[in-house]
Amino acid sequence: MRHTIMATAFSLIAASAAADTPVLSIYTYDSFVADWGPGPQIEAAFEETCECDLQFTGAGDGAALLARIRLEGANSDADIILGLDTNLTHAATETGLFAPHGVADPALTLPIAWDDETFLPFDWGYFAFVHNTDMADVPTSFAELAESDARIVIQDPRSSTPGLGLLMWVTAAHGDEAGTIWEGLADNIVTVTPGWSAAYDLFLEGEADMVLSYTTSPAYHLIAEEDPSKAAAAFDEGHYMQIEVAGMLANSDQPELAQQFLAFMLTEGFQNVIPTTNWMYPAALAPEALPDGFDTLISPNRALLLAPEEAAALRASALDIWLNALSQ
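So, here is what we can say about the structure in this document. (Residues numbered from 1 in each chain as written. Predicted model: local features only at pLDDT ≥ 70, side-chain atom pairs only at ≥ 80, totals over all residues. Heavy atoms only, no water.)

1. A short note on the environment of Val138
The condition that has to hold: Under the DSSP-based scheme used, a helix requires at least four consecutive residues in state H or I and a strand at least two consecutive residues in state E, with every element numbered from the N terminus. Whether a residue is buried, partly exposed or exposed follows from its accessible area with a 1.4 Å probe, protein chains only, as a fraction of its type maximum: under 20%, in between, or over 50%, in that order. Whether two residues touch is decided by their heavy atoms; if any such pair falls within 4.5 Å, the residues are in contact.
Within the fold, Val138 resides in the loop between β5 (120-132) and α6 (142-147). Given a relative accessible area of 25%, Val138 falls into the partly exposed group. Considering only alpha carbons, one finds Val138 and Ala234, 96 residues apart in sequence, at a separation of 9.1 Å. When sequence neighbours within four positions are dropped, the list of residues in contact with Val138 reads His131, Glu144 and Ala233.

As structure tokens, then:
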């Protein structure tokens, strides 16, 4: 009987302690929370200092995050959304669901100036088509890609931030000629996947010659696998930049904890994890701190980026052009 009473007492104490531990809920994209992604290391590092329970929830790919938070609205369990990008931040702000991040004068190492009171960047990179280094006649432009027999896999812009980034890339580079580019690319496209992970897996399985990814993707194979067989094609018209961000929800029941995490996001405890788990450039880490192997990556001759409000204004028409071209 004594053992039963003691066991019950310990269970009640443990339950009480768990109930007193604040929970910080973060919605992000699936690859971020994968075993090989940055999520597990970042969770452990933040919990060492926050006296909290950090819980990541994978919610598909980046663009799907905004759709989910719109659906859940003010009743969302999330405190932070991590994984939107500047093609989506204007639309996210328009929902009225986000609060100012509260981080004063963030020390960033982005290649552009940053002035956004709602969203904070955590990493950035350039979109590119990744291929095997033994590929013959690697295209050096969208026009050359369209004229080639290369099989490509891309992501759906309605659910995926890389997919949306490709729409903005073609639009920023070719303007009114975007429709012509897409008509030329239509017969190169093997399939369109909901998110990045599925597309990249198809490429690795040999189902395509090239996959929409990032100029930094070859660093993964080089550093993690000691495999130099992947490269990113350098396009003459330049490469579109992606800046990934996080923002806190106005209805968060842990606003102070959320602000604490956003401040932590720009520290070495978070930023040092990004290069070799998310395989992107960290937003608040000096270039000389990048691991060996990043120096082998291509550097675009021209960086393309639409302002958030411009990307939002062009999104619907760019999507219509894409859908029409692929349906021919």
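2. Remarks on the packing of aromatic side chains
Two measures describe an aromatic ring pair: the distance that separates the ring centres and the angle between the ring planes. Where we set the bar: Whether two aromatic rings pair depends on their centres lying within 6.5 Å, for rings of Phe, Tyr and Trp, where Trp uses its six-membered ring; planes under 30 degrees apart make the pair stacked, over 60 edge-to-face, and the rest tilted. Here, a charge over a ring means that NZ of Lys or CZ of Arg falls within 6 Å of the ring centre while also lying within 35 degrees of the ring normal.
Under the criterion given, the structure shown has 24 aromatic pairs. Seen from their ring centres, Phe142 and Phe235 are 5.0 Å apart, and the 90° between their planes marks the pair as edge-to-face. With Phe142 in helix α6 and Phe235 in the loop between β9 (230-232) and β10 (239-249), this pair connects stretches of sequence that are 93 residues apart. Cation over ring: Arg68 sits above Tyr27, and NZ or CZ is 4.3 Å from the ring centre.

3. Concerning the pattern of salt bridges
We apply this condition: By definition, a salt bridge exists where a carboxyl oxygen of Asp or Glu is found within 4 Å of a side-chain nitrogen of Lys or Arg.
Applying the stated criterion across every chain yields a total of four salt bridges. One salt bridge connects Asp209 with Arg151, and the closest N-O pair in it is separated by 3.2 Å. Here Asp209, found in the loop between α9 (196-204) and β8 (210-214), pairs with Arg151, found in the loop between α6 and β6 (152-155); they are 58 residues apart in sequence, far enough to count as distant. The partly exposed category is assigned to Asp209, whose relative accessible area is 27%. Residue Arg158 is joined to Asp156 by a salt bridge in which the shortest nitrogen-to-oxygen separation is 2.8 Å. For Arg158, a relative accessible area of 45% corresponds to the partly exposed category.

4. Considering helix α8 (residues 178-185)
Short version of the rule: The arc under discussion is defined with respect to the helix axis, by the directions toward the C-beta atoms.
Taken together, the buried positions of α8 are occupied by Ala178, Gly179, Ile181, Trp182 and Leu185. Viewed end-on, α8 has its buried residues packed into an arc of 160°, placing them on one side of the element.

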